[in-house]
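So you can see what is in the structure, the chains are spelled out below.
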Amino acid sequence: MKQALAVGALWVMLLFGGAWLLAPRLAAEAEEPGPSAQSGGETLADSRSVLQVYDGEKTVEMTMAEYLPGVVRGEMPATFALEALKAQAVAERTFIYYHMQGGRKAAHPDADVCMDYRCCNAWVSREQAKNNWGDNFEEYDRKILQSVEETDGQVMLYAGKPILAAFHSSSAGITAKSGDAWVSDLPYLVSVESPETAESVPNYYSVNTFTAEQFREKILAEEPEAVLEGSAKGWVTDLQKNSSGRVESATVGGVPIRGTRLRSILGLRSACFTVECGEEDITFRVTGFGHGVGMSQYGADALAREGKSWQEILRWYYRGVSIETWK
């Protein structure tokens, strides 16, 4: 696993990593046992890329080869097909380099990335993974390391620059274009079909029911101009959906609210929802999980199980990109 991305100046964000301090560098290398050279003696691209990583207490130095496996562990289930994991590794690597172009984040001005999913992306150490995976650790860890090593240095480029490689958990049959979730449309983040289904995705359908008082409290905390009085029946009206089936906007208590913002206020799993207003409660029926832009992780797994390669998966979700070794 591993949701709100800012299309502006984030940092090297998201993923990847694996080690510790300047002194603890040796411990770090033991923690993430990725190779440092290819068979021909050429140094791996990820091993040459050095990142400053904020671990929550201090800034430590890690190579991409050390950091990236921890991000892939934290962002995608290790049960997924290897080609899906490879696609995730490339997306994560690309995402980091994209944000590094924009400068460091205020939350960690001395570091390129951090290990906090609320700021950058989820990061899971090998020790944590051992506890999480139990008897499956050796198999799963080998897959994670393989996904990083066999895509060494590979990134997605558009017009010669790393792309905003957004991803999400699952879509409702179709992804959203970037403008549906954020401010502007990007040429490579368009709406495409996605093959995951309710049979392959846990909690693909979810239901959120709020009492009238719960709903009123949540909305008024963010939109104090809304009028939510009497019966709840007419509180949510005028649902407008975009081409990907997600709610573009709705009127709540007389106030127009963007669908993505309403999702955030209410804590819904996605902006693909329907609404039923009763006298005393309001029910939202939701499909999928995440902002819907870019690669669907469960869709990537479905494509991999159909026999598609990681390159084909990435070109499915990110249109018009080239895949190259980042220099």
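I will try to describe carefully the structure that is included in this document. (Residues numbered from 1 in each chain as written. Predicted model: local features only at pLDDT ≥ 70, side-chain atom pairs only at ≥ 80, totals over all residues. Heavy atoms only, no water.)

**Considerations on the environment of Lys218**
Along the chain, Lys218 turns up in helix 8 (residues 212-222). Remark: the alpha-carbon pair of Lys218 and Leu262, spanning 44 residues in sequence, is separated by 10.0 Å. The contact partners of Lys218, leaving out residues within four places of it in the chain, are Phe210, Ile265 and Leu266. (Helix = DSSP H or I, 4+ residues; strand = E, 2+ residues; numbered from the N terminus. Contact = heavy atoms within 4.5 Å.)

**Focus on the packing of helix 3 (residues 64-75) against helix 6 (residues 137-149)**
Packed helix pairs are characterised by how far apart their axes lie and by the angle those axes make with each other. Close contact between helix 3 and helix 6 brings their axes to 9 Å; oriented N to C, the two are set at 125°. Relative to helix 6, helix 3 is oriented oblique. The handedness of the crossing between helix 3 and helix 6 is right-handed. In contact with Leu68, Pro69, Val72 and Arg73 of helix 3, helix 6 contributes Asp141, Ile144, Leu145, Ser147 and Val148. Across the contact of helix 3 with helix 6, the residue classes break down as six nonpolar, one polar and two charged. (Axes fitted to C-alpha atoms, helices over the stretch in contact; angles between N-to-C directions. Parallel < 35°, antiparallel > 145°, perpendicular 65-115°, else oblique. Left-handed = near helix turned anticlockwise from the far one by under 90°. Nonpolar A, V, L, I, M, F, W, Y, C, P; charged D, E, K, R; others polar.)

**Observations regarding the side chain of Glu75**
Position of Glu75 relative to the elements: it lies in helix 3. Here the side chain of Glu75 touches Asn121 through a polar contact of 3.3 Å, side chain to side chain. (Polar contact = N/O pair within 3.5 Å; in protein donor to acceptor, adjacent residues only side chain to side chain.)

**Focus on the sheet that holds strand 10 (residues 255-258)**
Paired through their backbone hydrogen bonds, the strands of a sheet run either parallel or antiparallel. Spatially, the three strands line up as an open sheet ordered 8-9-10, and their pairing is antiparallel. Strand pairing shows two members of the sheet lacking a second neighbour, strand 8 (236-241) and strand 10, which therefore form its edges. Strand-to-strand twist across the sheet, computed as the mean angle between neighbouring axes with direction ignored, equals 20°. Here four bridges tie strand 9 (residues 247-252) to strand 10, and the two strands are oriented antiparallel to one another. (Pairing = 2+ DSSP bridges.)

**Points about the pattern of salt bridges**
Side chains that carry opposite charge are capable of pairing whenever their charged atoms lie near each other. Counted according to the given criterion, the structure contains 15 salt bridges. When the shortest N-O distance is used, the salt bridge between Glu222 and Arg261 registers 3.4 Å. Separated by 39 residues along the polypeptide, Glu222 in helix 8 and Arg261 in helix 9 (residues 259-266) bring together distant segments of the chain. Among the salt bridges present, the one from Asp301 reaches Arg305, with a minimum N-O distance of 3.0 Å. Here Asp301 pairs with Arg305, and both are found in helix 10 (residues 297-305), just four residues apart, close to one helical turn. Exposure remark for Asp301: the relative accessible area of 9% places this residue in the buried category. (Salt bridge = Lys/Arg side-chain N within 4 Å of Asp/Glu carboxyl O. Buried < 20%, exposed > 50% of the residue type's maximum accessible area, 1.4 Å probe, protein only.)

**Quick word on unusual backbone geometry**
Unusually for a residue other than glycine, Ala159 sits at a positive phi of about 55°. Secondary-structure assignment places Ala159 in the loop between strand 4 (154-158) and strand 5 (161-162). One non-glycine residue, Asp238, adopts positive backbone phi at about 55°. Mapped onto the elements of the fold, Asp238 is located in strand 8.

**Some points on the packing of aromatic side chains**
Counted under the stated rule, the structure contains eleven aromatic pairs. Relative to Phe284, the ring of Phe215 lies with its centre 6.3 Å away and its plane at 25°, an arrangement referred to as stacked. Taken together, the residues Phe215 in helix 8 and Phe284 in strand 12 (residues 281-287) connect sequence positions 69 residues apart. We classify Phe215 as buried; its relative accessible area is 0%. Given a relative accessible area of 0%, Phe284 falls into the buried group. Put simply, the rings of Phe210, Phe215, Trp235, Phe273 and Phe284 touch in pairs and so form one group of aromatic residues. (Phe/Tyr/Trp six-rings, centres within 6.5 Å; stacked < 30°, edge-to-face > 60°.)

**Some words on helix 11 (residues 310-317)**
Every buried residue belonging to helix 11 is among Trp310, Ile313, Leu314 and Tyr317, and all of these are buried. Viewed end-on, helix 11 has its buried residues packed into an arc of 95°, placing them on one side of the element. Those residues of helix 11 that are buried lie in contact with helix 4 (82-100), strand 4, strand 13 (295-296), helix 10 and strand 14 (322-325). (Arc of directions from axis to C-beta.)

**A closer look at the packing of helix 5 (residues 126-133) against helix 6**
Axis separation between helix 5 and helix 6 bottoms out at 9 Å; the angle between their running directions is 135°. Viewed along their axes, helix 5 and helix 6 adopt a mutual orientation that is oblique. At the point where helix 5 passes helix 6, the crossing takes the right-handed sense. Of helix 6, the residues touching helix 5 (which contributes Arg126, Ala129, Lys130 and Trp133) are Phe137, Tyr140, Asp141 and Ile144.

**Re helix 4**
Its 19 residues give helix 4 an end-to-end C-alpha distance of 27 Å, which sits within 8% of 27 Å, the value for a rise of 1.5 Å per residue. The buried count for helix 4 comes to 16 of 19 residues, which makes it a mostly enclosed element. (Expected span 1.5 Å × (residues − 1).)

Everything listed here is a matter of geometry and, on its own, says nothing about what the molecule does.
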